[in-house]
Structure formats: C-alpha cells, structure tokens
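Given next are the chains, with one letter for each unit.
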Amino acid sequence: MRLLLRYVLPLGIIAALAAPATGQPIRVNGQQARLAIRQVTPRALRITLTPRGYKNDFPYSPAISAGLSSGPALIDLRAFSSPIQKKMGSLLVKLSNDPLTITITNAQGRQVQSLVFDSAGVVHFATGDRPILGMGEGGPQPPRGADWHTLPVQYDRRGAIDSMQPRWQGNAYGSRNPVAMLAGTGGWGLFAVTPWMLVDLRDRQEGLLIPRKLAAADSIPQNEKDQDLQTSKGLPPVENSAPGLYDLFVFDAGEPALLMKDFATITGPAVLPPKWALGYMQSHRTLRDEEQMKGVVDTFRSKKIPLDAVIYLGTGFAPQGWNTPQPSFRPHPAVFKNGDIGPFITEMHNRNVKVVLHMVPWDRDSLPTLEGSIPAQRGEALRPGHIQPYWQQHETLVKKGVDAFWPDEGDWFNLHERIKRHQLYYQGSLFTEPQKRPWSLQRNGYPGIAQWGGWVWSGDTESSWKTLEAQIAVGLNYSLSIGPYWGSDIGGFYSSNETTGELYARWFQFGSFCGSFRSHGRTWRTRLPWGWGQSSMDPIEDRRPPPADALNDARIEPIVKQYDELRYRLLPYTYTLAWEARSGGLPLMRALWLQYPHDTVAAAIGSQYLWGRDLLIAPVFEKGATARKLYLPAGDWYDWWTEEKLPGAQFISKAVDLSVMPIYVRAGAVIPLDTVRQYAAEPVSTPTTLQVYTGANGSFTLYDDDGQGQDYLQRKGNWIHLQWNDREKTLTLKPGAPPGFTDVPVKRNFRIRLAPSGEMKECRYDGRPLTLHFK
C-alpha cells in the first residue's frame, strides 16, 4: 500500500542538527542510515542517505561538477524521534521519522516537495496536478503490435512508469537517454542521482522512485557484440550502489529559469561552442573521391547556401567512408589521394569549411574502459582504457587539420564511461590545440556533459511526419534535464514512403531553430539542400528508399536556403543564447513553461517552443498543411513574416504554405540581425540591425567574442546592454558586462529599425552609453 504524503507540523527550529543523535534510528531500505541535508543554492538542497559503514559523504557521480561546493551538512542525523524543522536558504525543511519524511516549503509557504522513504527503499514524492517534464532524451517504446505513427506524442511524462532503460531506439523518439531529473511545472524539481531508479508517474498525485534491482549481469561490462542486450550499458557501475544509499537534489522551481541555473551549478556550467558550430553542417555518407566531396562544397558556395562544416561518415556505416573500415584512424586510400587527408582538409579550409570526422571506439579488447583525465593527473596509470593514450591516437588527424569529431556508437559503455567520452573529446582537443574551442557531437548524454562541451543528437529516427512532431518534445525534455545543445537528423535517418521534399523542408525549418543544425540520413543526397530538385537520388542506401516521384521538386531548395540564411542572420541572437546557456544554464530551445511558469496552458504544450526568450517557434508537422494552430502566451506578439500584431493568452490559426513556419516575436523584444554570411566567421561590413518590436518595454544584452578562443573562461568578452523604453521611444546602448567580468570594448555600427513602423536610425557604438530617440 502506498504511503500518504503529509505535512510535518513544526515543533521548533533546531539551530544545529549533527550526528550522532539520540532517538529512533533512521532506517531506509532495511538499513540504518545517516541523513545529511546541505544547501547547494538558496533554492536547492542536496539530500544524502548513507548506510552504516559507508565512509564517504556522497556516492561518486561524474554528473556532479567537481567544483560543486555543497558546504557542511546543516542537518546531519542518524536518529531522531520528534518532528523537527530547519531553515536552509529560502527553504524550510521539516522532518519526521518512521517512515523518514522530508517536507520542503519555500519562503511563501508553498510546499515545494515532500519525500517519503519507505521500508522497501522506494521514494514517494508529490507530483501535483500539473505536467512533469524532463527525464532525459527520448520517449516510450510503443506497445507491441501498435502503429506508433498513430500514437500521441509523450511530452508530459505523467501517466506511465518509465523503466529508465538506456537504449537505442528508432521510430519517432530516437535514442533513449533517461535521467531522473524531473521538472514539475507546479514549481518543483527533483534530480535523483543515486541509486538508478525507475520512475512511476501512473498516480496523478504521488510519484515513486523505485531503485533498480541489480542483476548478476549488471557487473559485467557490455561490448560491441552484445550491445543489443539491456544489462549494464548506460547504467552507473554497480559498485556505486548500495542498499540504503541515496543522493538527491530538490529544487524550488517557482521561477523555472532559476531552476536551470541551479541545475547548471550542480552539473557544471556549459562551455561555449565555437561559433562555427552554430552554423549549418552537411553530413555525407557513401563517398567516392575528393572531387565529389569538393564538388558538394563548391555547389554550396556557387548557390550561396551558407555552410560551416562538412561531416564524413566512416566505412562500415557506409560502403565507403572517410576511413578504412571502422574503427580506424586511417584515411581511405580510395577516397583520398595517396591515402593522405591533409591536402584535402587544406582545400576545405581554403573554402572556409570545417571538417568533422565520424569516429567509432575500439571494442573492449583494445579499450577496456574509459578513465582518467587529459593531461593525466598524478597517480593515474597510462594503461589501456586511459583517455590520454586513446586521444593521442586522434592527434595525427588533428595535426592534419581535422576540426572536430563525431564520436558514434559506444552504446555498450556504462554511464560513467559515456560521460567520460565527452570529457575525452573536450580535454583531448584542448591538450593538442589549447587556444581552440573543442566541439563534438555524440549519441548519448546525461547531466554533466555540458561542462565538457556535450552536444547530442537524437539518433537513428525514421523519416516520417510523426517523428518530426515527436522530435519537438524530445528536444524540449532533453533541454530541461541534460544540457542546452541538442538536435536531430534533419530529414530523419531511415527513409520511408513519407520521405519527400515537403517533409525535408519542414524538418529543415525546425532544424534551423535547434542547437545542432545538421542534415543527415540514408540515401544521403536527398539530405542536400538541392537534393529534391534532382532527377536521381543515387546512391540508394535504404531498404525502403524515398518515393522516386518525389524528385524534381523545384520548390524545396529556395525554402531551405531561406531558413539557412535566417539562421545566419540570427547568429548574433543565437550566440548570445549560447552565452546565456553558459552563464545561466538556460537552453537555446526553451519550453514555454520556462518563461511563462504561471500559464497552465503553456506548460502543457510540447509542440512549439521559444528560441531564447523572445522568439516563438511553431514547426509544421502535418503533410499538406495550410494552417498551423498555435498558442501565444500573455502579452502582445508580432508575426515574424508580416509584422502583424496580435494579443497573447490565446490560440490562433496561422495560414501557412510550404515556405512558412510560424515564428512570433514578443513585443518589447530587441532582436539583433546581421546580413547573410556564407559561413559564421565571414567578415561583413554592413551594420548589425537591431530590430525593436514596439508596444512594450524590453531589453537584451548582446554578447560577442572572437568565437573560437578561451578568453571567455577568463571572464572576458563584449556585452552591450540594449534597453527599449516604449513610452519615451528611446533605445539606450551601454556596457553590460556582468559583475566580475571584463568588458572588452569594440566599436560597432548598428542600424536600428522599429517594427512595425519601419522607422530607422544608424549609430556607431564605441563602448560609451548612447541613447537614440524615435518619433
């Protein structure tokens, strides 16, 4: 029988609660336990239960930042009988025993969370009556025999029990990277780090965290050959678990943006990507030779379709890729002249394109684990499995000019190894090229990867309209519970009879507002911007290739180019969002709830989202759509395309043709727009446009730096605070560096345009405050 959650009446504030103590012993999961509660931030607590004889304060997890300072436990007990309470930051903690119950309220007296640890080790927690989001990447497996194309998309995680089993998955959701990080839109957050737990949300008022039962096979590392089995892959090593051992974080999420900041404090702040990584990337599969590869890039340049990077798949994943059969560091002699990739990369760099190579790890016989640091720390043995000697196998390619890697596969690694793999490509890149920002794209993610530059894509999805719809929810839940940088294979990976130019165009529109902006898929030439205008799709790489009659569609290329150009015009805005991810933990792709926490309608919507605070994106995922129903939160909003002004707090129907994905701008927004670049670092002489959407006061702090170096880690950059006063019709520009940061002033030309009137002014900003007056 489930335990009823209850409030604990305060019987006095205890100034210090320290072990040992008298009273009834604390027992959890049949073990006598020590309870320690620490204040991590004013709004977040760390709750740890350790069984008798456990020697550490916390179980180890690479998901927790090594720089996290939790401080001393303000509550530290082995036993107590009478209910007690203690204020910690802005939170009040109330305790009772048998069963151990921890109730947390905030300064306004609202219950944030109540946890009950029952005798079987199950943690009961309050769910409330509002959606629960997060819980990692991916979604449920469809029921056996069900047609997943007809099933509703899971955004709100309530109503189901989640096995929290990491797995490869295709269909609509892609890879499942589960995380017991729950974002309760009623104003709470819960991150269960230890033990690994199933999450049961079938009851509408009470959730359960159920420790996973360990099996004998869980202690045996999986490998490439048995990776289809669901045993230890993606899970913490068994030695990190013990009966009665718990490590959880509870958050007051009344202000969701602060939840994200606190989550980033705990799991490590995101590092800034190189600016080029926010541009468009074109993935390739079957390769013929250098001339073919250069021809693709030359076509981008001649058609003036912006491009920043090309990605080359490895052999074995395509009949002929960039290397000899994977895993391999050797360039394919049939692809590159004399088997030397260096001259080819030089030619790519001369075309202002970065080169990213697909990489697959050795199996366990050569890479028995992933451990250590780069450079190796004192006491670390450079044995097989240490990441430094493994990284050094990459260095020849890096010295030839390779800009980044796409580490694929490795599903057989356990959770700690998966996180370590992100660390490998971040620290390794800096080890070889200290002044260059690392970047990699990986299949698996978990909290803690953002501090290692973790970018994740959703894996091998099927190309279908249902998949496109589901990817919106997948990206939002990922962004709330793992990290700020996510994307999908634009167009879907496995082709189907639904794979057409129309679907590709709609997916490309969505992809232009995701962190990772990259086309990839089988029968790969249909994933080129001009692919659907061709008369042939060879080479065909799918069991079910796209329908041949979908070719020769001249509509697609201009639409794709339009959204590619929009991505590049918005780079000043998007790069600022990357800074906000670094400084405040906010993802680029934001659930409506993050900015509108009191709007119960907004909290339940997972089919549209905010790009930053000010742009509302509503991807179209219905074939042949002529209208898109969407929700505008409170306030006034402008149609991006027409500048029509509409009131919020209502659903609307936006008429669309294939060229239109609905985008709305919040009144009061100041959106920086550059001229179209062909690559992110292309010099331009035209002023940056500051588009002010009138009708409300607003502000925006524009961030910039060189886009590639490490000065930002030294707290250096350029911040320009833009303040719009709607009543006075003035825009003020002034230095906006956060306290403790060094503003590196730059002289910059701006063109200010008011929407919808079109009134314009130009100015030159030199680092001194400047106010412009409008009619």
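Here the structure is a predicted model, which means the values were calculated and not measured. (Residues numbered from 1 in each chain as written. Predicted model: local features only at pLDDT ≥ 70, side-chain atom pairs only at ≥ 80, totals over all residues. Heavy atoms only, no water.)

### Some thoughts on the overall build of the protein
Within the protein, the regular secondary structure consists of 12 helices and 41 strands. With respect to the principal axes defined by its C-alpha atoms, the protein has extents near 80 × 70 × 55 Å. Buried positions account for 63% of the 775 residues belonging to the protein. Of the contacts formed within the protein by residues at least 6 apart in sequence, a portion of 69% connects residues at least 24 apart. Accessible surface computed for the protein: about 28000 Å², of which carbon and sulfur atoms make up 51%. (Helix = DSSP H or I, 4+ residues; strand = E, 2+ residues; numbered from the N terminus. Buried < 20%, exposed > 50% of the residue type's maximum accessible area, 1.4 Å probe, protein only. Contact = heavy atoms within 4.5 Å. Areas by Shrake-Rupley, 256 points an atom, 1.4 Å probe, with all protein chains shown as cover.)

### Considerations on the packing of aromatic side chains
Evaluation of the coordinates by the stated rule reveals 40 aromatic pairs. Geometrically, the ring pair formed by Phe 300 and Trp 530 is edge-to-face, given 4.9 Å between the ring centres and 70 degrees between the ring planes. Of this pair, Phe 300 sits in helix α2 (residues 290-303) while Trp 530 is found in the loop between β24 (518-519) and α9 (556-569), placing the two residues 230 residues apart along the sequence. Here Phe 300 falls in the buried class, since its relative accessible area comes to 0%. On the accessibility criterion, Trp 530 (9% relative accessible area) is buried. Taking 6.0 Å as the distance between ring centres and 90 degrees as the angle between the ring planes, the aromatic pair formed by Trp 391 and Tyr 425 counts as edge-to-face. Here the residue Trp 391 occupies a position in helix α4 (residues 387-392), and Tyr 425 occupies one in helix α6 (residues 415-432), the gap between them amounting to 34 residues. Its relative accessible area of 0% is what places Trp 391 among the buried residues. Through successive ring pairs, a cluster of aromatic residues spans Tyr 280, Phe 300, Tyr 504, Phe 508, Phe 517 and Trp 530. (Phe/Tyr/Trp six-rings, centres within 6.5 Å; stacked < 30°, edge-to-face > 60°.)

### Concerning the sheet that holds strand β40 (residues 760-765)
The strand order across the open sheet built from four strands is β33-β34-β39-β40, with neighbouring strands paired in mixed fashion. Looking at the sheet topology across the chains shown, the edges are occupied by β33 (670-673) and β40. Here the average twist between neighbouring strands, direction ignored, is 25 degrees. One ladder, built from four bridges, connects β33 with strand β34 (residues 688-693); its direction is antiparallel. Of the residues in β34, the one forming a bridge with Leu 673 is Thr 689. (Pairing = 2+ DSSP bridges. Axes fitted to C-alpha atoms, helices over the stretch in contact; angles between N-to-C directions.)

### Quick look at the sheet that holds strand β25 (residues 589-590)
Sheet strands pair by backbone hydrogen bonding; their relative direction is either parallel or antiparallel. With antiparallel pairing, the six strands of this open sheet are ordered in space as β25-β26-β27-β32-β29-β30. The open sheet terminates on both sides in strands that have one partner only, identified here as β25 and β30 (645-647). Both strand β27 (residues 615-617) and strand β32 (residues 663-666) contribute to a ladder of three bridges, which runs antiparallel. When the bridges of β32 are listed, Leu 615 appears paired with Val 665.

### A word on unusual backbone geometry
Residue Pro 99 is bonded to the preceding Asp 98 through a cis peptide linkage, with omega at 0 degrees. Relative to the helices and strands, Pro 99 is located in the loop between β6 (91-96) and β7 (100-106). In this structure, the amide linkage connecting Thr 194 to the following residue, Pro 195, adopts the cis form with an omega of -5 degrees. One can find Pro 195 in the loop between β13 (188-194) and β14 (197-200). Although it is not a glycine, Asn 171 adopts a positive phi angle of roughly 35 degrees. Along the chain, the position of Asn 171 falls in the loop between β11 (161-162) and β12 (177-184). Judged by its relative accessible area of 15%, Asn 171 falls in the buried class. Phi at Thr 523 takes a positive value of approximately 50 degrees, unusual for a residue other than glycine. Along the chain, Thr 523 turns up in the loop between β24 and α9.

### Digging into the pattern of salt bridges
Enumeration over the complete set of coordinates arrives at 44 salt bridges. A salt bridge links Asp 57 to Arg 38, with the nearest nitrogen and oxygen atoms 3.9 Å apart. With Asp 57 in the loop between β3 (44-51) and β4 (75-77) and Arg 38 in strand β2 (residues 31-41), this residue pair connects regions lying 19 residues apart in the sequence. With a shortest N-O distance of 3.8 Å, Lys 645 and Asp 636 are connected by a salt bridge. Ionic contacts of the salt-bridge type, sharing partners, join the residues Glu 291, Lys 294, Asp 298, Lys 337, Glu 347 and Arg 351 into one network. (Salt bridge = Lys/Arg side-chain N within 4 Å of Asp/Glu carboxyl O.)

### Here we look at the confidence of the model for the protein
Scored by pLDDT, the protein has a mean of 95; 97% of the residues are at 70 or more. Looking at the elements of the protein, mean pLDDT is at its lowest for strand β1 (residues 27-28), recorded as 92, and at its highest for β27, recorded as 99. Between residues 1-16, whose pLDDT stays under 50, and residues either more than four places distant or in other chains, the model counts 40 contacts. (pLDDT = per-residue confidence, 0-100.)

### Examining helix α8 (residues 501-511)
Taken across its 11 residues, α8 has 11 buried, putting it largely inside the fold. Those residues of α8 that sit buried are Gly 501, Glu 502, Leu 503, Tyr 504, Ala 505, Arg 506, Trp 507, Phe 508, Gln 509, Phe 510 and Gly 511.

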